[in-house]
Amino acid sequence: MPDEETTPWTVSDVCKATAGSLKKIGGNLLVAGEVTHVNKATSGHLYFDIKDETACLKCIQWRSRVKAVPVQGRVVTLRGYLEFYAQKGSVSFVATEVI
């Protein structure tokens, strides 16, 4: 990654730095919000959003962790970690548990 402020970063540099910063946050976050846009893929993985009054966060729950499909409109607390997907430049919350 560039050392000086005058040297431009590549897109890959920014993505690597972002992914590294998210890993430093840790893998045991609790996040609470209202469930929206629930989609169960044919693979069995769940894709949904959680939101509050001012923000929305895309969530993934791998099929091996799915105990029940979250209900649209219900407020839940999730345990998990943040993940950066460089190919799309997006951040998702990977839910390991619905509490």
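Conventions we followed
Residues numbered from 1 in each chain as written. Predicted model: local features only at pLDDT ≥ 70, side-chain atom pairs only at ≥ 80, totals over all residues. Heavy atoms only, no water. Helix = DSSP H or I, 4+ residues; strand = E, 2+ residues; numbered from the N terminus. Buried < 20%, exposed > 50% of the residue type's maximum accessible area, 1.4 Å probe, protein only. Contact = heavy atoms within 4.5 Å. Areas by Shrake-Rupley, 256 points an atom, 1.4 Å probe, with all protein chains shown as cover. Lys, Arg positive; Asp, Glu negative; His and termini not counted. Charge placed at Lys NZ, Arg CZ, Asp CG, Glu CD. Salt bridge = Lys/Arg side-chain N within 4 Å of Asp/Glu carboxyl O. Pairing = 2+ DSSP bridges. Axes fitted to C-alpha atoms, helices over the stretch in contact; angles between N-to-C directions. Expected span 1.5 Å × (residues − 1). Core = buried A, V, L, I, M, F, W, Y, C linked by side-chain atoms within 4.5 Å.

Participant: Please explain the overall build of the chain as it appears in this structure.
Facilitator: Along the chain, the regular secondary structure elements total 1 helix and 5 strands. From first element to last, N terminus to C terminus, the chain shows the α and β order α-β-β-β-β-β. Sorting the 99 residues of the chain into buried and exposed places 26% on the buried side. Put simply, 43% of the contacts in the chain that link residues at least 6 apart link residues at least 24 apart. Here the chain displays about 6800 Å² of accessible surface, and carbon together with sulfur accounts for 53% of that area. Within the chain, the 10 negative side-chain charges are centred at a point lying 14 Å from the centre of the 12 positive side-chain charges.

Participant: How do you make sense of the pattern of salt bridges when you look at a structure like this?
Facilitator: When the charged atoms of two side chains with opposite charge come close together, those side chains can pair. Within this structure, the stated rule accounts for 2 salt bridges. Residues Asp49 and Lys58 are paired through a salt bridge, measuring 3.7 Å at the closest nitrogen-oxygen approach. Judged by its relative accessible area of 9%, Asp49 is buried. For Lys58, a relative accessible area of 52% puts it in the exposed group.

Participant: Is there a simple way to explain the sheet that holds strand S3 (residues 56-61) in this structure?
Facilitator: Taken in spatial order, the 5 strands close into a barrel running S1-S2-S3-S5-S4, and their pairing is mixed. The sheet shows a mean angle of 55° between the axes of neighbouring strands, taken without regard to direction. Here strand S1 (residues 29-40) pairs with strand S2 (residues 46-51) via 5 bridges, running antiparallel. Bridging from a neighbouring strand, Val35 pairs with Ile50 of S2. Running at roughly 145° to strand S4 (residues 75-85), helix H1 (residues 11-25) makes contact with S1, S4 and strand S5 (90-98) of the sheet.

Participant: Any chance you could explain H1 here in plain terms?
Facilitator: Along an α-helix, residues three or four apart share an orientation, since each turn contains 3.6 residues. The first and last C-alpha atoms of H1 sit 22 Å apart over 15 residues, in line with the 21 Å expected at 1.5 Å per residue. Turning to H1, its buried residues number three or more, namely Asp13, Cys15 and Leu22.

Participant: What is the right way to read the nonpolar core from this model?
Facilitator: Within soluble globular proteins, side chains that are nonpolar generally end up buried alongside one another. Judged by nonpolar contacts, the single largest core of 13 residues is most densely connected at Val35, Phe48, Ile50, Cys59, Val76, Leu78 and Phe93. Of all elements in the fold, only H1, S2, S4 and S5 reach the threshold of two or more residues within this core. Among the elements that take part in this core, S4 stands out by supplying 4 residues, more than any other. Sequence-distant contacts of Phe93, that is, excluding residues within four places in its chain, are made with Leu29, Val31, Leu57, Lys58, Cys59, Ile60, Leu78, Arg79, Gly80, Tyr81 and Leu82.

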